[in-house]
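Geometric and topological summary
What follows is each chain in one-letter form.
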Amino acid sequence: MGSMAKRKTTKKKKTRKKASALHSLFSFFKSERFFHTFGLLMILFSALLFIAEISYILSWKADSAGLYREQAHNWIGWTGRHLATFFVEQLFGIGSVLFAVLFFIYGFKVLFKHSLVPIVRFTIHSVIVMFLLSLILAIVLLPFEDYINLAGNIGLQTYLAGQYYLGKIGVVIFVFFLVVLYLTLMFNISFSLPKREKRERAKESPGGEEVADRYNTVEFAVEGEQEDDFASPPEPQESLEEQDKEENEAEESDGFEEVQARAGEPKEQEEVELLVEKPKEEKILSEKKIADIKDGDHIGVEEAFDPRLELPHYQYPGIELLKTYEHANAAVEKEELEQNKQKIVDTLNNYKIEIVKIKATIGPTVTLYEIIPAPGVRISKIKNLEDDIALSLAALGIRIIAPIPGRGTIGIEVPNRNPQIVSMRTILASEKFQTSKFELPIGLGKTISNESYVVDLAKMPHILMAGATGQGKSVGLNAVLASLLYKKHPTELKFILVDPKKVELSLYTKIERHFLAKLPDSEEAIITDTRKVVKTLNSLTIEMDNRYELLKDAQVRNIKEYNAKFISRKLNPLHGHRYLPYFVLVVDEFADLMMTAGKEVEAPITRLAQLARAVGIHLIIATQRPSVNIITGSIKANFPARIAFRVISKIDSRTILDSSGADQLVGKGDMLLSTGNDLVRLQCAFIDTPEVDNITAFIGAQRAFPHAYYLPEVEDDEDANSFDIDSNDWDDMFEEAARIIVQTQQGSTSLLQRKLKLGYNRAGRIIDQLEAAGIVGPFKGSKAREVLIKDELSLEQFLKDLLNKG
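Residues numbered from 1 in each chain as written. Predicted model: local features only at pLDDT ≥ 70, side-chain atom pairs only at ≥ 80, totals over all residues. Heavy atoms only, no water.

Looking only at helices and strands, the chain features 30 helices and 15 strands. Counting all 806 residues of the chain, 51% fall into the buried class. Considering only intrachain contacts with a sequence separation of at least 6, the fraction spanning at least 24 residues in the chain is 69%. Summing over all exposed atoms, the chain offers an accessible surface of approximately 39,600 Å²; the carbon and sulfur share of this is 55%. (Helix = DSSP H or I, 4+ residues; strand = E, 2+ residues; numbered from the N terminus. Buried < 20%, exposed > 50% of the residue type's maximum accessible area, 1.4 Å probe, protein only. Contact = heavy atoms within 4.5 Å. Areas by Shrake-Rupley, 256 points an atom, 1.4 Å probe, with all protein chains shown as cover.)

All right, on to the sheet that holds strand β3 (residues 399-404) then. Sheet architecture is open: four strands sit in the order β1-β2-β4-β3, paired in antiparallel fashion. Among the strands making up the open sheet, the edge pair consists of β1 (355-362) and β3. Looking at each pair of strands side by side, their axes are set apart by 20° on average, direction ignored. Contacts between helix α12 (residues 334-350) and the sheet are confined to β1, β2 (366-373) and β4 (409-415), with β2 contributing the most and set at about 40° to the helix. (Pairing = 2+ DSSP bridges. Axes fitted to C-alpha atoms, helices over the stretch in contact; angles between N-to-C directions.)

Of note, E602 is situated in helix α22 (residues 599-611). Among the polar contacts listed, one links the side chain of E602 to the side chain of S634, at a separation of 2.9 Å. Apart from the residues within four sequence positions on either side, E602 is in contact with M594, T632, S634 and I635. (Polar contact = N/O pair within 3.5 Å; in protein donor to acceptor, adjacent residues only side chain to side chain.)

All told, the structure shown has 14 aromatic pairs when counted by the stated rule. For the pair Y164 and Y165, a centre-to-centre distance of 5.0 Å together with 90° between the ring planes defines the contact as edge-to-face. Judged by its relative accessible area of 67%, Y165 falls in the exposed class. Where F305 meets F566, the ring centres are 5.4 Å apart and the plane angle is 90°; that geometry is what we call edge-to-face. (Phe/Tyr/Trp six-rings, centres within 6.5 Å; stacked < 30°, edge-to-face > 60°.)

Bringing the sheet that holds strand β10 (residues 582-587) into the picture now. Spatially, β6-β5-β14-β13-β12-β7-β11-β10-β8 is the arrangement adopted by the nine strands of the open sheet, whose pairing is mixed. On the outer flanks of this sheet lie β6 (452-456) and β8 (493-498), each paired with one strand and no other. On average, each strand axis in the sheet is tilted by 30° relative to the strand beside it, whichever way the strands run. The sheet contact formed by strand β7 (residues 463-466) and strand β12 (residues 641-644) spans four bridges and is parallel. Looking at the pairing, L464 lines up with R642 of β12. Its contacts with the sheet place helix α17 (residues 473-487) against β5 (441-447), β7, β8, β10, β11 (617-623) and β14 (679-684), and it is angled at close to 130° to β5. Packing of helix α19 (residues 530-554) onto the sheet brings it into contact with β8, β10 and β11, and relative to β10 it is tilted by some 155°.

Attention shifts here to the nonpolar core. Judged by nonpolar contacts, the single largest core of 108 residues is most densely connected at L444, F495 and F590. The contacts of F495, once residues within four sequence positions are left out, are L481, L484, L485, F515, L516, A517 and V584. Ranked by size, the runner-up nonpolar core spans 24 residues in total, among them A738, I740, L770 and L802. (Core = buried A, V, L, I, M, F, W, Y, C linked by side-chain atoms within 4.5 Å.)

Moving on, we come to helix α27 (residues 734-744). Within the span of α27, buried status applies to F734, A737, A738, I740, I741 and V742. Where α27 terminates, the next one or two residues include Q745, which has phi positive at roughly 60°.

Moving on, we come to the packing of α27 against helix α29 (residues 760-773). Orientation of α27 relative to α29, taken along the N-to-C sense of each, is 75°, at an axis distance of 10 Å. On the basis of their axis angle, the class for α27 and α29 is roughly perpendicular. Touching F734, A737, A738 and I741 of α27 are I766, I767, Q769, L770 and A773, all from α29. Of the residues assigned to the contact of α27 with α29, the class counts are eight nonpolar, one polar and no charged. (Parallel < 35°, antiparallel > 145°, perpendicular 65-115°, else oblique. Nonpolar A, V, L, I, M, F, W, Y, C, P; charged D, E, K, R; others polar.)

Judged by how many residues are buried, strand β13 (residues 670-674) sits mostly within the fold: five of five residues are covered. Of the two faces of β13, both are covered, the one formed by D670, L672 and S674 as well as the one formed by M671 and L673. Pairing between β12 and β13: three bridges, direction antiparallel. Residue pairing across strands places R642 opposite S674, the latter belonging to β13. Strand direction decides the pairing type here: β13 and β14, joined by five bridges, are antiparallel. In the sheet register, L672 faces β14, and the bridge partner there is R681. If you look at the hairpin formed by β13 and β14, you'll find four residues sitting between the two strands, and G676 has a positive phi there, around 105°.

Attention now moves to a nonpolar patch on the surface. On the surface, Y164, Y165, L166, F174, F177, L181 and L185 cluster together into a nonpolar patch covering about 810 Å² of accessible area. In this structure, F174 sits in helix α6 (residues 153-187). (Patch = residues over 30% accessible without salt bridge, like charges linked within 9 Å, V, L, I, M, F, W, Y side chains within 5 Å. Salt bridge = Lys/Arg side-chain N within 4 Å of Asp/Glu carboxyl O.)

Turn by turn, an α-helix covers 3.6 residues, leaving residues three or four places apart pointing in a common direction. In terms of burial, helix α28 (residues 749-756) is largely enclosed, as eight of its eight residues are buried. By the burial criterion, the buried members of α28 are T749, S750, L751, L752, Q753, R754, K755 and L756.

Under the counting rule described, the total for this entry stands at 25 salt bridges. Linking E413 and R399 is a salt bridge whose minimum nitrogen-to-oxygen distance equals 2.9 Å. With E413 in strand β4 and R399 in strand β3, this residue pair connects regions lying 14 residues apart in the sequence. As far as the burial class goes, E413 and R399 line up, both buried. Close ionic contact of K510 with D693 constitutes a salt bridge, the shortest N to O distance being 2.2 Å. In this pair, K510 sits in the loop between β8 and α18 (512-515) while D693 sits in helix α25 (residues 689-700), placing the two residues 183 residues apart along the sequence.

Written out as C-alpha cells, the structure reads:
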C-alpha cells in the first residue's frame with residue numbers, strides 16, 4: 001500500500017511538472033520576448049536570403065555545377081547556395097528577391113508592432129509581380145538554355161503548359177494581356193476616348209505643378225467609377241501607413257508612440273491636463289472630418305483621404321508649454337462686495353431711486369452687480385448716474401448696462417481691487433475648448449461669470465481688433481494664433497502674417513514651413529514691407545477666385561463641403577482639385593498700411609472680407625488708431641465681429657463698436673466683443689512672449705514641409721508696363737493662348753494655367769507676350785486684364801498681320 005501511494009504521488013508530481021512546463025512554454029510564446037526574438041530572426045533570415053540570392057544571380061553557374069560538392073561559391077556559403085537554389089530556381093527566378101523584402105517587412109511588423117506598408121496588399125502585389133516576371137523571363141530566356149534557371153521553375157512550367165494549349169504566339173499575347181490588365185488595375189488607367197470637354201477640364205489645374213510638389217496628392221478615380229483594391233493608385237509612404245491602421249488596431253497606440261520616439265520627434269511630458277492626446281485625439285479629428293461626409297455616400301473609413309498623412313508624426317503642442325500664474329485665482333473678498341453694494345444703494349437713494357433686489361456676479365476683472373429697480377423707476381435715470389456711481393466707488397471703468405438683454409435687470413460693472421490673471425493655459429485646458437467641434441476654435445478669455453469663452457472664427461468670419469497702445473492687442477493676437485496652433489494640423493491651416501512694426505509677430509518665423517504662407521519670391525514669411533503687403537493681398541484675391549472655380553466645378557457651396565467631398569475621394573486631382581487648407585490673414589498694425597498704401601490696401605481687403613468666407617479665407621485686422629480714415633465704412637460693414645480694448649475717447653469706441661463702452665474699460669486685456677447683436681465683456685487670456693516662443697520652438701523642431709505654402713504669384717506694375725518682346729521669341733502656345741483669352745474675354749494668368757495645364761511662370765510669360773502684342777491690356781492689380789480684341793475673326797486677322805510683320 002505504501003509503495004502504491006508513493007507511485008501515485010510520483011505520477012502526480014510528474015504530471016504537475018509537465019503541466020508547469022507546458023504552461024511556461026505557452027507563456028513564453030505569448031510573451032513579448034518571443035515576438036522580439038521571432039521578429040529579429042525573421043529580419044536576420046531576410047538579410048541572409050537577400051545576400052544569398054544576389055550572390056546566386058551573380059555566380060549561379062558555379063553554384064549549380066557544384067551543388068553536390070563541398071565547395072560553395074555563394075557569399076553565405078553552403079546554406080546560402082541551397083537557399084538561393086530553392087527560392088530562385090524552384091520558385092520565381094530573379095523575382096524571388098522580393099521574398100527577402102517580404103520577410104523583412106514581416107519581421108519588422110512582429111518586432112515593432114508597426115507596419116512599413118499594408119502587409120496583405122503588399123504581399124498580394126509582390127506575388128503577382130514575381131509570377132509575371134518569372135513568366136516573362138521564361139519566354140525571353142527559353143532560347144538560351146544556359147540562363148533558364150534565372151526564370152524560375154514556376155514561370156517555366158506555366159509557360160510550357162501555356163505553349164501546349166495556346167502555342168508560342170498565343171501564350172505571348174496572353175502574358176502581354178495579363179501585364180496590361182495588372183497595370184490597368186494598379187494605376188487606374190483609362191482607355192476612353194477623350195472628348196473636347198474632358199480635355200479642357202483636365203487642363204483646368206491652377207498651380208497644378210506647384211500643388212504636386214507641395215502635396216503628395218494621389219491619383220483618384222473619376223466620379224462614377226468604382227474602385228477596388230487594385231484600382232487604388234500608388235500612394236506615398238505616409239498613406240501606406242494609414243491603410244495599414246486597420247491591421248494594427250490592437251497595438252495602434254503603442255506602435256505610434258514607438259515610431260515617434262525612434263523618429264526623433266519631441267516627446268510630450270506626462271501631465272494630467274493634456275490638450276491633445278495622441279494618437280487618440282488625431283483619430284477623433286479624423287473621424288470628425290469623415291463624419292462630415294453626407295449620408296448615402298457609402299464611403300468606408302479606410303478609403304477616406306487624410307491630408308494629415310503628409311506629416312503623420314506631427315505632435316500638437318502640449319499644455320505644459322504654457323505658464324501657470326500666481327495671481328490666477330485672486331478672489332474678491334466678501335467685505336469688498338458688501339462695501340460696493342452699499343455704496344451703489346446709497347448713491348441711488350441719494351437720487352431717490354429705490355431698489356428691490358441686488359446681486360453680484362464675480363468675474364476675473366470686474367464684478368457685475370445686477371439690480372432690479374422698484375416699479376416706476378425710469379432706466380434712463382439710472383443710466384445718467386454713471387459718473388456719480390464711479391465717484392462714490394472711487395473706481396475707473398464703471399459701465400452701466402441698462403437693461404441686460406434677456407434678464408430684465410440693470411447691470412453695473414465694477415472693477416475688482418485685485419484683478420485675476422486669466423492664463424492662456426486655463427482657457428486651452430478648459431473642457432469647453434478641448435471638446436469644441438468648431439472648424440477654427442479661438443479661446444479668447446473669460447466672461448464676467450468666469451466661464452471660458454470660445455468662438456469659431458469660421459463663423460465670425462473676420463475680426464476687427466482695436467485699442468490704445470499697451471492695452472492688450474498684441475496679446476490678443478497671440479491668443480488667437482495660439483488657440484489655432486493647439487487645434488489645427490499644419491495641412492489644415494495656413495497663416496499670412498503682416499507685421500509693419502517688424503517685432504510683434506517675428507516669433508512665428510520658426511513655424512514658417514509648418515503653418516505660414518507667402519509669395520514664392522519672398523525671402524521672409526513675415527511680411528513687413530508695404531509693397532509686399534499689396535502683392536500678398538492681390539495674391540490672396542487670386543487664390544480666392546481660384547478656389548471659387550474649384551467649388552463651382554465640385555458643385556458645392558463652401559470649403560467645408562468641398563473638403564468633405566475631396567476626403568471621400570469624389571474629386572479628381574487630375575482636374576485641378578486639391579485639399580484646401582484654411583487661410584488666416586493677420587495684420588498687426590493696419591493704420592500704418594492705410595497711411596502708406598491707402599486704396600491699394602483697402603480695395604483687396606474689402607473684396608476679401610466680402611467674398612472670402614465661403615472659401616476658407618479669414619481676416620484679423622488690428623490697429624491702435626481706430627479713426628474713421630483708418631477703419632472706413634466699407635471695412636466696418638464687412639467685419640461684423642469686432643474686439644475693442646480700452647480706447648481714449650467715446651468717439652474711438654463708437655468707431656469700433658458703433659456704441660460707447662470701450663472708453664470705460666480698465667485696460668490690461670479688458671475688452672468688449674461685438675458680434676453684431678450685443679456686447680460681451682471679456683478678460684482676454686494672457687500669453688507671454690516666452691510661452692509663444694515655447695510653442696513655436698516645439699512645432700519648429702518637428703518634421704516640416706520643404707518650404708512655406710506658396711501663394712499665387714502676382715506681377716509687378718513696373719514689369720507689366722515696361723515689358724516688350726520680339727515676335728520671334730513668342731511661346732509655342734502663344735496662338736492657342738490668344739484664342740482662349742479672346743473666347744473667354746478674360747485676360748487671366750490663372751485661366752491659362754487651367755486651360756493649357758501650364759505652370760504659373762510660363763503662363764505669366766505668355767500673358768506678357770499677349771500684352772506686348774496688343775491682345776490684352778496692362779496689369780490691373782487683383783482684376784483680370786482687359787481683352788482688347790473682341791472676337792476670333794479679328795484675332796485671326798490680327799495674328800496674320802503680326803506674322804507678316806515678323
